[in-house]
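# Fold and geometry: a report
Listed here are the chains, written in short residue letters.
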Amino acid sequence: MMIGEWLDVGPVDQIAPGSARTLPVQGGEEIAIFRTINNAFHALVNKCPHKQGPLSQGIIHGGAVTCPLHNWNISLTTGEAQGDDKGCVPVVPLKVDAGRIYLLREAVIGPGGKPVAKAA
Amino acid sequence: MNAPMSFESQGQEGVTRERLVVIGNGMAGCRAVEEILGRDADRFDIAIFGAEPRVNYNRIMLSPVLAGEKTFDEIVINSAQWYEENGIELISGDPVVEIDRKTQTVIAESGRVEPYDRLLIATGSDPFIIPVPGKDLPGVITFRDLDDVDKMLAAAERGGPNGEAGRAVVIGGGLLGLEAAHGLTLRGMKVTVVHLMPTLMERQLDEAAGWLLKEELERRGQTILTGADTAELYEEGGHVAGVRLKDGRDIPADIVVMAVGIRPATGLAKSAGLEVERGIMVDDHMVTSDPAIMAVGECVQHRGLCYGLVAPLWEMCRALADYATGEPSGYEGSVTSTKLKVSGIDVFSAGDFSGGDAAEDIVMRDASRGIYKRVVVKDNRLVGAVLYGDTADGNWYFDLLKKGEDIADIREALIFGQAFASGGALADPNAAVAALSDDAEICGCNGVSKAKVVATINAGAHSLDAVRSQCKASASCGSCTGLVESLLALTLGGEVEAGPTTLCKCTSFTHGDVRRLIIEKELKAIPQVMQELHWTTPDGCATCRPALNYYLLCAWPGEYEDDQKSRFVNERMHANIQKDGTYSVVPRMWGGLTNPQELRAIADAAEKYGARTVKVTGGQRIDLFGIRKEDLPAIWADLNAAGMVSGHAYGKALRTVKTCVGSEWCRFGTQDSTGLGVKIERMTWGSWMPHKFKIAVSGCPRNCAEATIKDFGVVCVDSGYELHVAGNGGIKVRATDLLCKVETEEEALQICAAFIQFYREDAYYLERTAPWVERVGLDYVKSALFDDPESVRKLAARFRFSQQHSQDDPWARRASGEAAELHQHLAEVRPFQLENA
């Protein structure tokens, strides 16, 4: 059976600019999908490297999100904490094609059907 | 109808030429033919099928035709003569309806059959029609060909039913839609643009530039509705009569132009069995899955991409011609830029300007000239650019971007453009300022010369703020801040004093400056503030966005539309986020009063939604912990049903009014403190503040409600009410200051409203009343309230007006389904478990 390399998680218009939506993964880490004010899409594990705050609920500005718990700024492209804070959250490869959002299946569900994205 | 011609015509030396049939007489098809002819004029015997009954014209010039700037003749690319001279047979007005790959023939609508050796598909794209009721009504048109333009011109000519200007609605605020809107406006129609996304041209422009464009178009008389989702097109007498939006608004219209986008026209190719995804799949030589068939233009998909701009099309045609004439070169995809005039406004964009933090933004804004420039740099290379108002350097940036040149050396001056960046000494900003003459104007807003600024600095103004207050340079729009800073550095060397703390790193202005300028310049939207006050980032940060949202909300009640994406999570979710990502829910209990029905509803909700902790708060109400974001609308619906509303325990807002039982029960009570507390809470709930705001009313000086550590405290005495302000029981305990004493409840309520409003208008965002009063002084507050006998009344009136727009229960709106996406997951992933895998 052929399984596509990319996992279709729905149309882009389900996420308003400057906001994020969540994608729980059974047995794995919840994923947060972000749409910046300038319409770039990114996906991260939904856990701040600091105290596991839900990054999906933070304020999005430029290419970063500010964690709602303690205001760490996390890069949406690298998952790394900015400024003097140190830490990194896994990035889930994402692409947008024909108005739909795709996540790299392997990064969400491992080859054996096992979720792989784990927070640091 | 053209007569069929023989397909085995002879070449110069009697060799049978290959028959090339082109489907599509548009820009791509004809350009490909031109490129082939340019390489080898005798190689093919060529026929072109066109669906439109006319010669090839420049489709991107349809806008000027609509606008009346050009005639059709002026936009014709290839006249009938060209076809004739090159021996090309043009079969126009007879579209191909079928490709038979077995017999290598195409079949036209008229039944005509045409054989081919090589086929070129250049069918372009079709306008995308949004699938709403009424889309097929007469009067609904697209903007794709000359017939569409003719229909629009006829409608403009006709005008409205009573001889007034006709009304047009353009659905789509992208490039095409705005050009249609511009043309129709010039033709005298009243135009409304309906755009689904929050900003115009979001694919080419960032938020800041999109906002500038919107404002300019509105200034020119168009109505622009963003975030507007079309529900249906309604009719009257069998003709379209308007657009109904999903939010219920109706926009009457004599014509509706659908310009939401295009999609590759792949129907023919698909039914012929060619490989098609979004577009017709082609390789680097523009050959489809059938080696005898090529495709080019907007109908193709190359390396996963479909293009809708003209530049890639030219590059494709070159690769195609190279291949078809036996010298294959290969097309490797295009980096695109957009440089255009929308309604005479220059905009440019190229590359990736979506941000990302490995990328750094360099932003320059010039509010007085309406200019916004932003370049995005990553690893010392330019990766994106957005220009608005001045696009002179667009090509230079695009060139730097395509070549991937190292820009480290010119980085400082990059944003000022090519002339400046390559100007040697000028690249050092201080040197450039030093070279200015004494009478050079530094601050255009306030007309301050260089000599004046230097004199001010020499007279003791050793900080930016001191210069601003003493000679007004850089005190208005701030665009000359950099120049003033250079002058400070040049004049004082290392002795420049740090100025007061700015609002955040995105601006050189303080909170106070920003508040003042929002009023002075009547700024009414976040992107507008950022543009006019020269923000150095494209869309601010987590510090300035919430602050600006509050300042605008406070300055323009009822007019400013709250920006949810600038709200801290608690104020977006209307509940308090906890360390595990769940929320706590606190229903309002007026003055700390409750009853069995409310308590029963709270108990039921706690059980139903699994509240793991139920806690009585310091503000005399009940907090339910551990509620999941998905359950919030449901628990609110249950609490609403029992008559309770949001307690705003999560907001920079009025929190609670704590009371003691007062004269109703207490043997010491002097006044009805509970009743007054309820009245105060009814008056003040729902109001947004610079920070959280707590009130208490104690029935006697024993002060059981702890009124003297609240933001506003009332202590009842026999002769009336003592009103106290600016207390705090937090990190730094501060007892209140006595503001005044009044005799009646009405006066107490009035002064409470006035004090709150003055705090709302004067304090900085995230400044509680205690540090605010410590900073400005109690006398300043007293003076603002009491010096002018009218002040209290005016302030209280402003507060009550503002309250008219904020006293609706946010929980009820969410419980009724508003913003449901904030509470729902996008989807869920349940991995397929393989047994013993």
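The rules we used
Residues numbered from 1 in each chain as written. Chains lettered and ligands numbered in written order. Predicted model: local features only at pLDDT ≥ 70, side-chain atom pairs only at ≥ 80, totals over all residues. Heavy atoms only, no water. Helix = DSSP H or I, 4+ residues; strand = E, 2+ residues; numbered from the N terminus. Buried < 20%, exposed > 50% of the residue type's maximum accessible area, 1.4 Å probe, protein only. Contact = heavy atoms within 4.5 Å. Areas by Shrake-Rupley, 256 points an atom, 1.4 Å probe, with all protein chains shown as cover. Expected span 1.5 Å × (residues − 1). Polar contact = N/O pair within 3.5 Å; in protein donor to acceptor, adjacent residues only side chain to side chain. Domains from an automatic or database assignment. Salt bridge = Lys/Arg side-chain N within 4 Å of Asp/Glu carboxyl O. Pairing = 2+ DSSP bridges. Axes fitted to C-alpha atoms, helices over the stretch in contact; angles between N-to-C directions. Buried area = accessible area lost by both parts, 1.4 Å probe. Nonpolar A, V, L, I, M, F, W, Y, C, P; charged D, E, K, R; others polar. Core = buried A, V, L, I, M, F, W, Y, C linked by side-chain atoms within 4.5 Å. Phe/Tyr/Trp six-rings, centres within 6.5 Å; stacked < 30°, edge-to-face > 60°. Lys NZ or Arg CZ within 6 Å of the ring centre and 35° of its normal.

### Some details on the overall build of chain A
Secondary structure assignment for chain A yields 1 helix and 9 strands. Ordered by position from N to C terminus, the α and β elements of chain A give β-β-β-β-β-β-β-β-β-α. Out of the 120 residues in chain A, the part that is buried amounts to 57%. Considering only contacts in chain A between residues 6 or more positions apart, those separated by 24 or more positions represent 42%. Carbon and sulfur atoms form 50% of the exposed surface of chain A, whose accessible area is close to 4900 Å².

### Re helix H5 (residues 146-158) of chain B
Residues and elements named next belong to chain B. Here H5 is 13 residues long and its end C-alpha atoms lie 18 Å apart, about the 18 Å a rise of 1.5 Å per residue gives. Among the residues of H5, those classed as buried are Leu146, Asp148, Val149, Met152, Ala155 and Ala156. Looking at the buried residues of H5, the elements they touch are strand S3 (56-57), helix H2 (62-67), helix H3 (72-75), strand S11 (140-142), helix H6 (175-186) and strand S18 (255-258). Two or three places before Asp147, at the opening of H5, Asp145 has a side-chain oxygen 3.1 Å from that residue's backbone nitrogen. Gly159 sits one or two residues past H5 and shows a positive phi near 75 degrees.

### Let's talk about the domain arrangement of chain B
Its domain assignment divides chain B into domain 1 (18-125 + 264-324), domain 2 (140-260), domain 3 (337-427), domain 4 (569-651) and domain 5 (654-810). For domain 3 of chain B versus domain 4 of chain B, the separation of C-alpha centres amounts to 50 Å.

### Things to note about the pattern of salt bridges
All names here are of chain B. Within this structure, the stated rule accounts for 58 salt bridges over all chains. Here Arg101 and Asp290 are joined by a salt bridge, their closest N and O atoms 2.9 Å apart. Placement of Arg101 in the loop between strand S6 (96-100) and strand S7 (105-108) and of Asp290 in the loop between strand S20 (280-282) and strand S21 (293-295) is noted, with a sequence separation of 189 residues between them. Accessibility expressed as a relative area gives 30% for Arg101, which makes it partly exposed. Assessed through its relative accessible area of 10%, Asp290 is described here as buried. Here Asp737 ties to Arg734 by a salt bridge, and the two come within 2.8 Å at their closest N and O atoms. Judged by its relative accessible area of 15%, Arg734 falls in the buried class. Connected via shared salt-bridge partners are Arg19, Asp45, Glu89, Arg112 and Glu114.

### A word on the sheet that holds strand S23 (residues 337-342) of chain B
All names here are of chain B. The 5 strands are arranged S23-S24-S27-S26-S25 in an open sheet whose pairing can be described as antiparallel. Two strands in the sheet have a free side with no partner beyond their single neighbour: S23 and strand S25 (359-366). The mean angle between the axes of side-by-side strands here comes to 15 degrees, regardless of whether they run parallel or antiparallel. Relative to strand S27 (residues 381-388), strand S24 (residues 345-351) is paired through 5 bridges, and the arrangement is antiparallel.

### Section: the interface of chain A and chain B
Taken together, the contact between chain A and chain B spans 43 residues of the former and 44 residues of the latter. Between chain A and chain B, the buried area comes to about 3500 Å², and carbon and sulfur atoms account for 58% of it. Of all residues in chain A, Asn38, Gln57 and Ile59 of chain A give up the largest surface area on contact with chain B, accounting jointly for 20% of the area buried on that side. For the interface between chain A and chain B, the tally reads 1 salt bridge. Here Asp97 of chain A ties to Arg278 of chain B by a salt bridge, and the two come within 2.9 Å at their closest N and O atoms. Here chain A is connected to chain B by 13 residue pairs in polar contact (both at pLDDT 80 or more). Elements represented by at least two residues in the side of chain A that touches chain B include exactly strand S1 (6-11), strand S2 (19-23), strand S3 (31-35) and strand S5 (59-61) of chain A. Within the side of chain A that touches chain B, the residues separate by chemical class into 19 nonpolar, 19 polar and 5 charged.

### As for the nonpolar core
Among the nonpolar cores identified, the biggest contains 55 residues, and Ile46, Ile48, Ile99, Val106, Leu119, Ile121 and Val296 of chain B are the most heavily contacted of them. Not counting the four nearest positions on each side in its chain, Val106 of chain B is found in contact with Val21, Ile23, Phe49, Val96, Glu98, Ile99, Arg112, Val113, Glu114, Tyr116 and Leu119 of chain B.

### What about the side chain of Ser75 of chain A?
Residues and elements named next belong to chain A. The topology assignment puts Ser75 in strand S7 (residues 73-75). Here Ser75 falls in the buried class, since its relative accessible area comes to 0%. A polar atom in the side chain of Ser75 sits 3.1 Å from the side chain of Thr77.

### Thoughts on the side chain of Ser646 of chain B
All names here are of chain B. Tracing the backbone through its elements, the reader meets Ser646 in the loop between helix H21 (632-641) and strand S34 (654-659). Within the structure, Ser646 has its side chain in polar contact with the backbone nitrogen of His648 (distance 3.0 Å). Beyond its immediate chain neighbours, meaning those up to four positions away, Ser646 contacts Val586, Arg588, Asp809, Pro810 and Trp811.

### Here we look at the sheet that holds strand S38 (residues 737-742) of chain B
Residue and element names in this part refer to chain B. Taken in spatial order, the 5 strands line up as S34-S35-S36-S37-S38 in an open sheet, and their pairing is mixed. What marks the edges here is a single partner per strand, and that holds for S34 and S38. When the angles between neighbouring strand axes are averaged without regard to direction, this sheet yields 15 degrees. Where strand S36 (residues 712-717) and strand S37 (residues 720-725) come together, 6 bridges link them in antiparallel fashion. Across the sheet, Val715 pairs through a bridge with Glu722, a residue of S37. With respect to the sheet, helix H22 (residues 673-684) is in contact with S34, strand S35 (693-698), S36 and S37, its orientation differing from that of S34 by roughly 170 degrees. Sheet strands touched by helix H23 (residues 745-762): S35, S36, S37 and S38. Its angle to S38, the strand with the most contacts, is close to 145 degrees.

### Section: the packing of aromatic side chains
Residue and element names in this part refer to chain B. Going through the model one piece at a time under the given rule, you end up with 15 aromatic pairs over all chains. With 6.5 Å between their ring centres and 70 degrees between their planes, Tyr307 and Tyr331 make a pair best called edge-to-face. One end of the pair, Tyr307, is in the loop between strand S22 (300-302) and helix H9 (310-324); the other, Tyr331, is in the loop between H9 and S23, with 24 residues separating them in the sequence. In this pair, the class of Tyr307 matches that of Tyr331, namely buried. Geometrically, the ring pair formed by Phe712 and Phe755 is tilted, given 6.0 Å between the ring centres and 35 degrees between the ring planes. One end of the pair, Phe712, is in strand S36; the other, Phe755, is in helix H23, and 43 residues separate them in sequence. Assigned by exposure class, Phe712 and Phe755 land together as buried. Taken together, the aromatic side chains of Phe693, Phe712, Phe755, Phe758, Tyr759, Trp772 and Tyr780 make up a single cluster linked through ring pairs. The ring of Trp688 is capped by Arg567, whose NZ or CZ atom sits 3.9 Å from the centre of that ring.

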